[in-house]
Amino acid sequence: MPLIESSYKAKHIWRNPHFSTIYPSTLRKVEGVHYTRERIELPDGDFLDLDWSKSSVPSKSLVIVTHGFLGNSTRPYILGAVKLFNQNHWDAVCWNHRGLSGENNRLERLTTHGDSQDLAYVINHCLAMKHYTQITLVGYSKGGNISLKYAGEQGVNIAQEIKSVVAISVPTDIQGSVDAMGAEGFYANRFKSKLHRFLQKRTELIDPKWFSLFEKYKTLDEFTGEYIAPLHGLKNAADYYDSCSAIHVVDQIRIPSLILNAANDPVLSESCAILDKAKKSNYLFSEYPAHGGHCGFYAPNQNGIYWGDYRTWEFVKGNYNRQLI
């Protein structure tokens, strides 16, 4: 598809990539979403916690929402999407990655950046209900990469109930994203600190020898290369980034899929917007506005709902093309 000329026009301070990233992450408030939790057991003996928010009226439509790196179902960008879909009479379910639902999981392994299998467990669980006739996948950052990777791997065999994918602020090229942040840049250090704090809560799952090593790691690359990658059977950080990146399979996607990345996103490279692949695909739509930050796309006075949420809903309704380049 041709590239989409975005209607998103940020004003004033919202043009600043850091403000438009940090403010929504820390100060955005979304009220009115109430979850019911369900736990599903996995074949490897672990579990995933799913948080459901049902429409006020019976619905045959479901959005499966996947959060970003070290997030969970309560992140503001998740709540904004869930709220808007509920208002439009869709049920919503957000699944929490392993160990991020408020309780440690049973195994040491994690939900990786490319863990389409964990998403598949959630999707298959929802399909087995035989209730929903229309399902869409919405993912943010890491969750967007997982959603696109799942759709690409399924290709023509994707379940007929799954109608579309929306991926927002998505690192489809994880190495490109890492390079954009810089080894010791502000966001790389922020992610490293969050990962360190998360791992420190897993003392019953991790061999004690690792904790003294964690204290010595100075970069996110070191955590990924020395611990995360080998834990999941990968050689090093570069192998992890490459094997997890959706960019390798997005050209196999066979349902309408939107990639919405901001050109000023401080943690993504231009390669993550897969502009070249979108130009050649009948199913990929890449929207690349100048501003928006990372999981930002602010809109004022919308009861916590942002422009990115409305754009997601518009695409899911079938309004794929805005002004096309």
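Data block above holds the structure.
Computed from a predicted model, the values in this text were never measured in an experiment. (Residues numbered from 1 in each chain as written. Predicted model: local features only at pLDDT ≥ 70, side-chain atom pairs only at ≥ 80, totals over all residues. Heavy atoms only, no water.)

(A) Structural context of the pattern of salt bridges. For the coordinates displayed, the defined rule picks out 14 salt bridges. Linking Glu-287 and Arg-311 is a salt bridge whose minimum nitrogen-to-oxygen distance equals 2.6 Å. Remark: Arg-311 occurs in helix H11 (residues 307–317) and Glu-287 occurs in strand S9 (residues 284–287); sequence separation between them is 24 residues. Residue class for Glu-287 comes out buried when judged on its relative accessible area of 0%. Notably, a salt bridge pairs Arg-311 with Glu-314, separated by 2.8 Å at the nearest N-O pair. (Salt bridge = Lys/Arg side-chain N within 4 Å of Asp/Glu carboxyl O. Helix = DSSP H or I, 4+ residues; strand = E, 2+ residues; numbered from the N terminus. Buried < 20%, exposed > 50% of the residue type's maximum accessible area, 1.4 Å probe, protein only.)

(B) Region of the structure containing the packing of helix H1 (residues 19–26) against helix H6 (residues 186–200). For the pair H1 and H6, the least separation of the axes is 13 Å and the interaxial angle reads 25°. The orientation of H1 relative to H6 falls into the category roughly parallel. Note on packing geometry: the crossing formed by H1 with H6 is left-handed. Where H1 approaches H6, its residues Thr-21, Ile-22, Ser-25 and Thr-26 are matched on the opposing element by Phe-186, Tyr-187 and Arg-190. (Axes fitted to C-alpha atoms, helices over the stretch in contact; angles between N-to-C directions. Parallel < 35°, antiparallel > 145°, perpendicular 65-115°, else oblique. Left-handed = near helix turned anticlockwise from the far one by under 90°. Contact = heavy atoms within 4.5 Å.)

(C) Highlighting unusual backbone geometry. The phi dihedral of Lys-130 falls on the positive side, at around 55°, and the residue is not glycine. Tracing the backbone shows Lys-130 in the loop between helix H3 (116–128) and strand S6 (134–140). For Lys-130, a relative accessible area of 77% corresponds to the exposed category. Within the chain, Cys-295 stands out as a residue other than glycine whose phi angle is a positive 55°. Examined against the element boundaries, Cys-295 turns out to sit in the loop between S9 and H11. Here Cys-295 falls in the buried class, since its relative accessible area comes to 11%.

(D) Layout of the packing of aromatic side chains. Under the counting rule described, the total for this entry stands at 24 aromatic pairs. Their ring planes at 90° and their centres at 5.2 Å tell us that Trp-14 and Tyr-23 sit as a pair that is edge-to-face. The partly exposed category is assigned to Tyr-23, whose relative accessible area is 27%. Among the aromatic residues, those joined into a cluster by ring pairs are Trp-210, Phe-211, Phe-214, Tyr-217, Phe-223 and Tyr-227. The ring of Phe-47 has Arg-39 sitting right over it, with the charged end atom 3.7 Å from the ring centre. (Phe/Tyr/Trp six-rings, centres within 6.5 Å; stacked < 30°, edge-to-face > 60°. Lys NZ or Arg CZ within 6 Å of the ring centre and 35° of its normal.)

(E) Structural context of a negative patch on the surface. On the surface, a cluster of negative charge is contributed by Asp-179, Glu-184, Asp-221, Glu-222 and Glu-226. Of the residues forming the negative patch, the biggest block, 3 residues, is contributed by helix H8 (residues 220–231). Along the chain, the position of Glu-226 falls in helix H8. Relative accessible area serves as the criterion here: at 46%, Glu-226 is assigned to the partly exposed category. (Patch = residues over 30% accessible without salt bridge, like charges linked within 9 Å, V, L, I, M, F, W, Y side chains within 5 Å. Areas by Shrake-Rupley, 256 points an atom, 1.4 Å probe, with all protein chains shown as cover. Lys, Arg positive; Asp, Glu negative; His and termini not counted. Charge placed at Lys NZ, Arg CZ, Asp CG, Glu CD.)

(F) Quick look at the packing of H8 against helix H9 (residues 237–244). Closest axis-to-axis distance for the H8/H9 pair is 8 Å, and the angle between their directions is 80°. Considered as vectors, H8 and H9 are oriented roughly perpendicular to each other. Facing Asp-221, Thr-224, Gly-225, Ile-228 and Ala-229 of H8, the residues of H9 in contact are Ala-237, Tyr-240 and Tyr-241. Classifying every residue of the contact of H8 with H9 gives 5 nonpolar, 2 polar and 1 charged. (Nonpolar A, V, L, I, M, F, W, Y, C, P; charged D, E, K, R; others polar.)

The quantities given are spatial measurements derived from coordinates; they are silent on function.
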